[in-house]
Amino acid sequence: MEEIKKQNSDEMKEIKLEGNAADLADAIQTIDIEEDSIEIEEVSLNEEPEEADDIAEEKVSRKQKKGKKKIAKFWKGFYIYIGILAVFMIFVFIYVWNTMKKFQKSQPEHTVESLIETLESGDISSIETTGGSKFEPDFDGTEDLKNALDGKELDYQLKTTGSDSLTYNILVGDKVVAEATLKSDSDKKVLGIITISDWKVDKVVSKVAGNSRKYTITAPAGYKVKVNGIELGEDELKGEPKPVDNAEFIAEYTTAPTVVTYKVSGITKEPVVEAFDIAGNNVSIPDYAGKNKIEIGYQTEEISEDLKSYVLQVAFHYSDFFTGTLEGEQDGLGTIRQYFPEGSYYIDLADKYRVGDMWMYSDLISSEFRDVSVSEYTKYSDTCFSCRVKFVRSMVLNTHESREETSDETFYYVNIDGKWLVADIKSNL
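Let us look at the structure shown here. Everything quoted here is computed from the prediction, not taken from an experiment.

**Structural notes on the overall build of the chain**
Check the secondary structure of the chain and you find 8 helices and 17 strands. Out of the 429 residues in the chain, the part that is buried amounts to 34%. Here the contacts in the chain between residues at least 6 apart in sequence split such that 57% fall between residues at least 24 apart. By element, 50% of the accessible surface of the chain is carried by carbon and sulfur atoms, the whole surface being about 27,700 Å².

Have a look at this one:
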């Protein structure tokens, strides 16, 4: 051990010869600066303790400063990133906000509300007031519209939508006073999902007719009806067709005649109403002046002589059967059977009468048909018609008692397999 101490003492002396302790410290410091990982493990035993402590503290301080510099650089970068992100988010927010404002302003309701403000101010220059309903295209309703809007609060309601257009009803209360059509001037897609349209008022048409009247018109199905030269169609047709009165049994054998109802509005003057039957013939219409309900019936015609003879033969034979004077099997039932469709109610009725009541009828000495007429021949279709048969039957019973019976009945005929048969009979007495 003493030998080691002695050896170290000799080495230290040699170092003192080469330089003092301060020079040694500088050398060690230089080594520390170049390589951070190298630490001084040993200090000269002859070096002053205070000087060695200062050197160690200085090294620690420099390491701490380097660490602080690294931390400072991290936070500086972090703050810059946060700042850039914040600016970007603000930019996105402003862009989305402005886009949504544009989208909101582009809604068609704003255009309609702007139009309503203009109308409420008394400016109706944008409204077409010429031409009321389609039945009065030359009608000028400027004054009527002014009166309808004066001092009124307006509202609107969506009526129809199209691919690039919208139609709104302009309302006073629940009454439509005008119709506004909007069209999309341009469409632009933003944010990938939102379409911004530039809606413009295309036209505004007045729906006000000062003293307008509504008409209800009934007419046979298949007839053409015109009001002021305009043919009525699906827009005016209301409800379902209804069968003609007293023609219920016809439907059992062929298409029953029906009547349809039309509703016409927006008429300010007495209209001109015309009707044409299925053959295109002009149909006479009862006087409708001052009336709101116009009834157009099936057109009656003159019956041909051949058809007239046939319907009289049917009527006379039917009467003969019930007086017990008709020849043929089963007391004449076989004779009248040829005039009715198979399974007819009237044949069943006649058979019951033949079996139960015919025996009570007195035999006739003589019989005569007088005051005979066939009128009101009405052709409903190629397979259906009706006519009114009237006559007075004068009879002398076997008791020498005179008797007269008046018959006034409407016969409804249908064509089955090319032959006219009685579908129904209605008494007019």
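That was the structure; now back to the text.
**Considerations on the sheet that holds strand β12 (residues 293-295)**
Spatially, the 4 strands line up as an open sheet ordered β9-β10-β6-β12, and their pairing is mixed. The outermost strands of the open sheet, each flanked by one partner alone, are β9 (237-243) and β12. Going across the sheet, the axis of each strand differs from the next one's by a mean of 20°, ignoring polarity. Summarising the sheet, strand β6 (residues 213-220) and β12 pair through 3 bridges and their orientation is parallel. Bridge assignment links Ile 217 to a residue of β12, and that residue is Ile 294.

**Describing helix α6 (residues 305-323)**
Here α6 spans 27 Å end to end across 19 residues, near enough to the 27 Å set by a 1.5 Å rise per residue. Every buried residue of α6 is listed here: Leu 307, Tyr 310, Val 311, Leu 312, Val 314, Ala 315, Phe 316, Tyr 318, Ser 319, Asp 320, Phe 321 and Thr 323. Trailing α6 by a residue or two, Gly 324 shows a phi angle of about 75°, which is positive.

**Regarding the nonpolar core**
In this structure, Val 311, Ile 336, Phe 340, Val 389 and Tyr 413 are the most contacted members of the largest nonpolar core, which totals 29 residues. Sorting the residues of this core by element identifies α6, α7 (333-337), α8 (345-356), β14 (364-381), β15 (384-397), β16 (402-416) and β17 (419-427) as the ones contributing at least two each. When residues of this core are assigned to their parent elements, the largest contribution, 9 residues, is made by α6. In terms of nonpolar packing, the next biggest core, distinct from the first, is built from 28 residues, Ala 219, Val 225, Tyr 298 and Val 414 among them.

**Quick look at the packing of aromatic side chains**
For the coordinates displayed, the defined rule picks out 17 aromatic pairs. Ring centres 4.8 Å apart and planes at 85° place the aromatic pair Tyr 298 and Tyr 380 in the edge-to-face group. With Tyr 298 in the loop between β12 and β13 (300-301) and Tyr 380 in strand β14, the pair connects residues that are 82 residues apart, well separated along the chain. The pair formed by Tyr 298 and Tyr 380 is uniform in burial state, with each residue classed as buried. Seen from their ring centres, Tyr 318 and Phe 340 are 5.7 Å apart, and the 45° between their planes marks the pair as tilted. In this pair, Tyr 318 is assigned in helix α6 and Phe 340 in the loop between α7 and α8, connecting sequence segments 22 residues apart. In this structure Tyr 318 comes out as buried when scored by relative accessible area, which is 10%. Put simply, the rings of Tyr 310, Tyr 339, Tyr 377, Phe 385, Phe 411, Tyr 413 and Trp 420 pair up and form one aromatic cluster.

**A look at the side chain of Glu 179**
Relative to the helices and strands, Glu 179 is located in strand β4 (residues 175-190). In terms of polar contacts, Glu 179 uses its side chain to reach the side chain of Lys 159, at 2.6 Å. Here Glu 179 is in contact with Lys 159, Thr 167, Tyr 168, Asn 169, Lys 203, Val 204, Val 205 and Lys 207, once residues within four sequence places are set aside.

**Side note on the pattern of salt bridges**
With the rule as written, the count across this model stands at 11 salt bridges. Of the charged contacts, one joins Asp 424 and Lys 426 as a salt bridge, the two residues approaching to 3.5 Å between their closest N and O atoms. Taken together, the shared-partner salt bridges in this structure form one network comprising Arg 370, Asp 371 and Glu 404.

**Looking at the sheet that holds strand β7 (residues 224-227)**
Spatial ordering of the open sheet is given by β8-β7-β11, a layout of 3 strands whose pairing is antiparallel. Of all strands in the sheet, those bounded by a partner on one side alone are β8 (230-231) and β11 (273-276). By the bridge criterion, 2 bridges tie β7 to β8 in an arrangement that is antiparallel. The residue of β8 that forms the bridge with Val 227 is Ile 230.

**Some details on the pairing of β6**
The buried fraction of β6 is high, at 6 of 8 residues. Taken together, the 7 bridges between β6 and strand β10 (residues 258-267) define a ladder with antiparallel strand orientation. In the strand pairing of β10, Tyr 215 is matched with Val 264.

Cut-offs applied
- Residues numbered from 1 in each chain as written.
- Predicted model: local features only at pLDDT ≥ 70, side-chain atom pairs only at ≥ 80, totals over all residues.
- Heavy atoms only, no water.
- Helix = DSSP H or I, 4+ residues; strand = E, 2+ residues; numbered from the N terminus.
- Buried < 20%, exposed > 50% of the residue type's maximum accessible area, 1.4 Å probe, protein only.
- Contact = heavy atoms within 4.5 Å.
- Areas by Shrake-Rupley, 256 points an atom, 1.4 Å probe, with all protein chains shown as cover.
- Pairing = 2+ DSSP bridges.
- Axes fitted to C-alpha atoms, helices over the stretch in contact; angles between N-to-C directions.
- Expected span 1.5 Å × (residues − 1).
- Core = buried A, V, L, I, M, F, W, Y, C linked by side-chain atoms within 4.5 Å.
- Phe/Tyr/Trp six-rings, centres within 6.5 Å; stacked < 30°, edge-to-face > 60°.
- Polar contact = N/O pair within 3.5 Å; in protein donor to acceptor, adjacent residues only side chain to side chain.
- Salt bridge = Lys/Arg side-chain N within 4 Å of Asp/Glu carboxyl O.

Purely geometric numbers; function is a separate question.
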